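Architecture at a glance
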Amino acid sequence: MKYADVILPLPLENSYIYRIPSDLEKAVVPGCRVLVHFGKRKYYTGIVMLVHEHTPDSEFEIKEIYALLDATPILRRPQLRFWQWIASYYLCKLGDVYKAAVPSGLKLESETVVEYNELFEADTPLRRNEQSVLDAFGIKSKLTISELEKKTGLRNVVSSITSLMARGAVKINEEVKRGFTPKMQTFIRLATRYHDESKLHDVFLKLKRAPKQEALLLCYLDISHALNPSLAQELSKKELIDKSGSNSSILDVLIKRGIFESYEKEVGRLQVSVCRLQTLTPLTVDQKKAHHEIHDVFKIKDVCLLHGVTSSGKTEIYTHLIDEAFKQRRQVLYLLPEIAITTQITERLAKLFGDKLLVYHSKFSDNERVEIWNKLLHENTPMLILGVRSSLFLPFKDLGLIIVDEEHENTYKQQEPAPRYHARNAAIMLANMHGGKTLLGSATPSIDSYYNATIGKYGLVELNSRFGECLMPEIIPVDTKELKRKKIMKDTLFSPLLVRKIHTALEKGEQSILFQNRRGFAPMIECRECGWVPHCMNCDVSLTYHKYHNQLECHYCGYKEVLPRQCPQCRSTELKMMGFGTEKIEEEVASLFPSAKVERLDFDSAKTRNAYERIISDFEKGKTNILIGTQMLSKGLDFANVGVVGILNADSLMNYPDFRAHERAFQLMIQVSGRAGRRDKRGVVILQTSQPEHPIIRMVQQFAYKDMVSLQLSERSMFHYPPYYRLIVVILRSRNEATLEEMSVLHANTLRTRFGERVLGPVIPPVTRVQTFHVRKILLKIEATVAIAPVREIIESIHVEMQRYLPFKQLLVHYDVDPV
C-alpha cells in the first residue's frame, strides 16, 4: 500500500500522511495537488510532498486521498526545497509557506453552507436574530456563513444558526469552492457549407433586402479571410461587432439563418504586447564599465551589489543583462519593492521584450495569477517575470538571474501573515538553488548589503555619475523652528522658499513633488478644553482623521468611526487637528496654487491597479502639475520634468525609536531627492526641518552615503546590532494581559538559560495593543558568526518545552527573523 505526505494550507508544522487509493497509485506524484479531508468536515487542497510505502505507526485511522486534481505536478523540483528553507530559516510552518506561495485559484477548499428547510414551521416564536437569519434566505435555499453575516449584519451569526439547527429550521453542509475558472470567449465562424462560393453567392442574393446583415457578412469575410485557408484567422464575437459597427441582434439573425455559427473557446487573460519591439539602448562609457565589472564579479561570486546614484541608468544595465540571459535560454526574475513602480517599468520592458514579459503581483485577480503560474509551468521559453516579493514562489524552470531593484526597501520584508521572509535574502537562496546569479541594485544600499560587499561576501560595482552628465539636485535645508519662532510659518505647512520655488516651477512649465510620509488629514484630534483624544477600540493608538471621508480611522486594524461634532467628555466643540498628512497638504496646495492640477499618491488614493496607473501616467504625461505622496514616491519612479521636490517634515523620519531610523531617513530623503532634475536639468530639493545642523541632514545635503554608513556601523558594532549581530524577535500576543505578562517573563527566562545575555526583554512595544491583542516582545541578539541552524533548534526546543504550561498554549506566538 502506498502513502503520501501531504502539505496543507494551514499553519501546521509538518506534512500529514494520507493513504493513496489503489486506482491512483501511479498517478499521485510529488508536487501534484490532491483534495483531502481534514478535521471533522473540511476539505482542503494539499500538495504531495513525498510518496512512500512506510506504514505509519499511528493509533489514528489513516484517511484516504479524496481526489487527485492534477495529471502532472503544479510545482517544479526546486520549489519544495525552497519552501522548506523558508520555513526553517524564518521559523514558521510549512503550511504557512504553501498558503503564501500558491495562488488562491489553485487552492480548492470546502466552506460551510447553510441550507434552509422549506418545510419548517415554528411551534414557538423565534428570537429576532433567528428570524433575521431565516429572512436572509429570501428565494435562495443555500447561503454561506459569510453571506449570512453580510445580509443580517449580525456579528455572531453562528449562535443563531446553531439554535435554528436544533429547531430543524436549517442544516449545514460542506461544499468545495470552485478555484480557477478559464476565461471563455464567443467566436464566430462561417457555416461549412458556405465555404462553397456558389452557395455563398446565393446567400448574398438573399441578403439584398437586408443591407445591415449583408454589411456584417462582408466585414466578416474581409477580416477573417475565411475563404483563403492560408490566411484564415479566428474572429471573436466582440471583435466582429466592434470592427463592423454592427450589433448583437443583427449577428444573432445571421446565426439563426445558419449562415454563421458561434462557439466557445478558452482564451488567456494575460495581455500580450503587440507593439514593434525596440532595440536595446547602447550603454554609456560609465554604464559599459559597470556592466563589464558585474560580469567579472559573477565569474567568482554569486551575488553582486550595484551601487549607482539616482538617474545613473541602472535599468539600462539590467536590460542588457536580461537580454544576455535570454540568449542563454534562461529565465530572469526582476523584483521591485512596490506595485506602484511596476506600472512605469512595465511599459519600458514591454517595448524591449514583448510577450516574453510577465507581470505578477497582488493587484491581479486570482485567475490572472493562475494563468501566469500555468504559463511558467508548461512553457520552456526564456521569460522575464516582473513582480513584487510573492513572485519568488512561481514555478521557475531555470532561473539564470534575479535582479533585486531598490534592494534597501523594507517593503521586501513580509510582515503579516507568516511566512515573515525577506525577499532580498530569499532571492539569493533561490538563485543559488537554480545555479543562477543575484544582482542587488540601489542608489542607497542597505547597510547590511553594503557591509557584505565591503568584506568580500558580495561583489561591489559602483556607478557614480548620472546619465548624460546630469547634475545631482541642489538640496536646501530650511529651518522651520526659526520660521515658526518668527511667526513666518504660523498657519502654514510651507516655508516661503518652498512656495517661491513651486511658483517658479509652475511658470516654467515644470512639475513639483511634495513628500510627507503620513496619509490622512491629521494624525490626531484633541479637545482644546479637556485634552480628550479619540482612540481605536481595538488598538492602543489614536485615530487618524481622513477629511475626504470625514471619518476617523485606525491604520493598524482599519476600525472607523465618524468624527464627533463635540467632545464626548466635556461637550466642547473645540476639536483641534494635530500634525498633518497628505490630505491636509493637498488642501493647502489647492489654496496656494489654485490654477495647478494636483494629485495625491498614497494608500487611500491608489487602492486599485487602475488608480495607481492613472495617477502615475497623468503625472508622466504632464497632466498633473503637483504630485503629493508618501514613500510610494521614493521608489524608482522616473519623471522627466520635475523641477522641485519638497520634503515637508524631515524630523518625522529621523525621530523614530528604531536603530535603523537614521539609515532609513537618509535613504528616503536621497531617494525622494532623486526624483528632481532627472535627465537634462538640475532640480531643487527643499528639505524642511527643525534640526538643519543634524549630521544626517548634512550628509543628505552632500550625498555622503559612505559617511552615513561609517557612522551607523560604529554605533551598531558598539550596541550589538546588524550586520554584526543577527536579530530574532519573539512576539507574544494575548487578549489576557496578566497571562501574557506572566508567560512572556517565563519564556524570556527560559531562553536566558540557553542564550544568556543575548536575550533582552520582555518589553512592551510602543503600540501595546493591536487588533484587541496585547503584545510583548523578546529580542535575541546572536553573533553573525554563529551558525543559525543550532540556534533555531534551541529556540524550537524551548517553544516545545513552554507548551507544558497551559496558559502558554493560549498565547499567539511567532518569530520574526531579521526584522526590519
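Quick caveat, the model's predicted, so the values are computed rather than measured. (Residues numbered from 1 in each chain as written. Predicted model: local features only at pLDDT ≥ 70, side-chain atom pairs only at ≥ 80, totals over all residues. Heavy atoms only, no water.)

Description of the overall build of the protein chain
Secondary structure summary: the protein chain contains 26 helices and 34 strands in total. In terms of overall size, the protein chain behaves like a compact globule, its C-alpha atoms giving a radius of gyration of 31 Å where 820 residues would be expected to give roughly 28 Å. When the backbone C-alpha atoms are referred to their principal axes, the protein chain occupies close to 90 × 70 × 70 Å. Sequence separation of 24 or more characterises 75% of the internal contacts of the protein chain that already satisfy a separation of 6 or more. Summed over its atoms, the accessible surface of the protein chain is roughly 39,400 Å², and 49% of this surface lies on carbon and sulfur atoms. Positive and negative side-chain charges in the protein chain, numbering 112 and 98 respectively, have mean positions lying 2 Å apart. (Helix = DSSP H or I, 4+ residues; strand = E, 2+ residues; numbered from the N terminus. Rg over C-alpha atoms; globule rule 2.2 N^0.38 Å. Contact = heavy atoms within 4.5 Å. Areas by Shrake-Rupley, 256 points an atom, 1.4 Å probe, with all protein chains shown as cover. Lys, Arg positive; Asp, Glu negative; His and termini not counted. Charge placed at Lys NZ, Arg CZ, Asp CG, Glu CD.)

What about the packing of aromatic side chains?
In total, this model carries 19 aromatic pairs according to the counting rule given. Plain terms: the ring middles of Tyr-116 and Phe-137 are 5.5 Å apart, the flat faces sit at 25° to each other, and that makes the pair stacked. Of this pair, Tyr-116 sits in strand S6 (residues 110-116) while Phe-137 sits in helix H3 (residues 128-137), placing them 21 residues apart in sequence. Overall, Phe-137 belongs to the buried group, its relative accessible area being 2%. On the numbers, 4.9 Å between centres and 65° between planes, the contact of Tyr-220 with Phe-260 is edge-to-face. Of the two residues, Tyr-220 sits in helix H7 (residues 211-224) while Phe-260 sits in strand S11 (residues 260-267), which places them 40 residues apart along the sequence. (Phe/Tyr/Trp six-rings, centres within 6.5 Å; stacked < 30°, edge-to-face > 60°. Buried < 20%, exposed > 50% of the residue type's maximum accessible area, 1.4 Å probe, protein only.)

Re the packing of helix H6 (residues 197-206) against H7
When two helices pack together, their arrangement is given by the angle between the helix axes and by the axis-to-axis distance. Running from amino to carboxyl end, H6 crosses H7 at an angle of 150°, the nearest separation of the two axes being 10 Å. The two elements H6 and H7 meet at a crossing, and its hand is left-handed. Residues Leu-200, Val-203 and Phe-204 of H6 form the contact with H7, whose own contacting residues are Glu-214, Leu-217, Leu-218 and Leu-221. For the contact of H6 with H7, a count of residues per class yields six nonpolar, no polar and one charged. (Axes fitted to C-alpha atoms, helices over the stretch in contact; angles between N-to-C directions. Left-handed = near helix turned anticlockwise from the far one by under 90°. Nonpolar A, V, L, I, M, F, W, Y, C, P; charged D, E, K, R; others polar.)

Points about the nonpolar core
With 117 residues, the main nonpolar core has Trp-83, Leu-392, Met-669 and Leu-780 as its most contacted residues. In this structure Met-669 touches Ile-647, Ala-650, Leu-653, Met-654, Leu-687, Ile-696, Ile-697 and Val-700, once residues within four positions along its chain are discounted. Among the nonpolar cores identified, the runner-up in size contains 31 residues, and Ala-325, Val-359, Leu-384 and Leu-463 belong to it. (Core = buried A, V, L, I, M, F, W, Y, C linked by side-chain atoms within 4.5 Å.)

Comments concerning H6
Turning to H6, its buried residues number three or more, namely Leu-200, Val-203 and Phe-204. Buried residues of H6, seen end-on, are gathered within an arc of 95° and therefore sit on one face of the element. In H6, those exposed residues whose orientation departs by more than 90 degrees from the buried face are Leu-205 and Lys-206. Structurally, H6 contributes buried residues whose contacts are with H7. (Arc of directions from axis to C-beta.)

Observations concerning the sheet that holds strand S24 (residues 560-562)
Here three strands make up an open sheet; going across it, the order is S22-S23-S24 and the pairing antiparallel. Only two strands of the sheet have a single neighbouring strand rather than two, namely strand S22 (544-546) and S24. Each neighbouring strand pair of the sheet contributes to a mean axis angle of 30°, computed without reference to strand direction. Direction of pairing for strand S23 (residues 551-553) relative to S24: antiparallel, over a ladder of three bridges. Note that in S24 the partner of Leu-552 across the bridge is Glu-561. (Pairing = 2+ DSSP bridges.)

Some words on the sheet that holds strand S2 (residues 16-19)
Taken in spatial order, the five strands line up as S2-S1-S4-S3-S5 in an open sheet, and their pairing is antiparallel. Strands at the two margins of the open sheet, each flanked by one partner only, are S2 and strand S5 (67-68). With two bridges connecting them, strand S3 (residues 33-37) and S5 associate as antiparallel partners. By the bridge assignment, Val-34 is partnered in S5 with Leu-68. Helix-sheet contacts for helix H1 (residues 77-89) involve strand S1 (3-7) and strand S4 (43-52), and the interaxial angle to S4 is about 105°. Together, S1 and S4 form the strand contacts of helix H2 (residues 94-101), whose direction differs from that of S4 by roughly 115°.

Some remarks on the side chain of Arg-33
Structurally, Arg-33 can be placed in strand S3. Residue class for Arg-33 comes out buried when judged on its relative accessible area of 10%. Non-local contacts of Arg-33, meaning those with residues more than four positions away in its chain, are made with Thr-45, Gly-46, Ile-47, Leu-68, Leu-69, Asp-70, Ile-74 and Leu-106.

A closer look at helix H9 (residues 248-256)
One full turn of an α-helix is made of 3.6 residues, so residues set three or four places apart face in the same direction. Regarding H9, the residues found buried are Ile-250, Leu-251 and Leu-254. The arc that holds the buried residues of H9, viewed along the axis, is 100°, so those residues lie on one side. Looking one or two residues past H9, Gly-258 carries a phi angle of roughly 80°, positive in sign.

Quick look at the side chain of Asp-405
Inspection of the secondary structure puts Asp-405 in strand S16 (residues 399-405). No salt bridge forms around the buried Asp-405; measuring N to O, its nearest opposite-charge neighbour Lys-314 is 5.8 Å away. Contacts of Asp-405, omitting those with residues within four sequence positions, involve Tyr-318, Tyr-334, Leu-335, Leu-336, Pro-337, Tyr-412 and Gly-441. (Salt bridge = Lys/Arg side-chain N within 4 Å of Asp/Glu carboxyl O.)

Thoughts on the pattern of salt bridges
Applying the stated criterion across every chain, the model contains 39 salt bridges. As a salt-bridge pair, Asp-816 and Lys-413 come within 2.6 Å of each other at their nearest N and O atoms. With Asp-816 in strand S34 (residues 812-817) and Lys-413 in the loop between S16 and helix H14 (423-433), the pair connects residues that are 403 residues apart, well separated along the chain. The buried category is assigned to Asp-816, whose relative accessible area is 9%. Exposure remark for Lys-413: the relative accessible area of 2% places this residue in the buried category. Between Asp-618 and Arg-614 there is a salt bridge, with its nearest N and O atoms 3.4 Å apart. On the criterion of helical spacing, the pair formed by Asp-618 and Arg-614 is a turn pair, its members being four residues apart in helix H19 (residues 609-620). When its relative accessible area of 14% is taken as the criterion, Asp-618 is described as buried. The exposure class assigned to Arg-614 is partly exposed, which follows from its relative accessible area of 40%.

Section: a positive patch on the surface
A surface patch of like charges, here positive, comprises Arg-193, Lys-199, Lys-206 and Arg-257. Secondary-structure assignment places Arg-257 in the loop between H9 and S11. Given a relative accessible area of 39%, Arg-257 falls into the partly exposed group. (Patch = residues over 30% accessible without salt bridge, like charges linked within 9 Å, V, L, I, M, F, W, Y side chains within 5 Å.)

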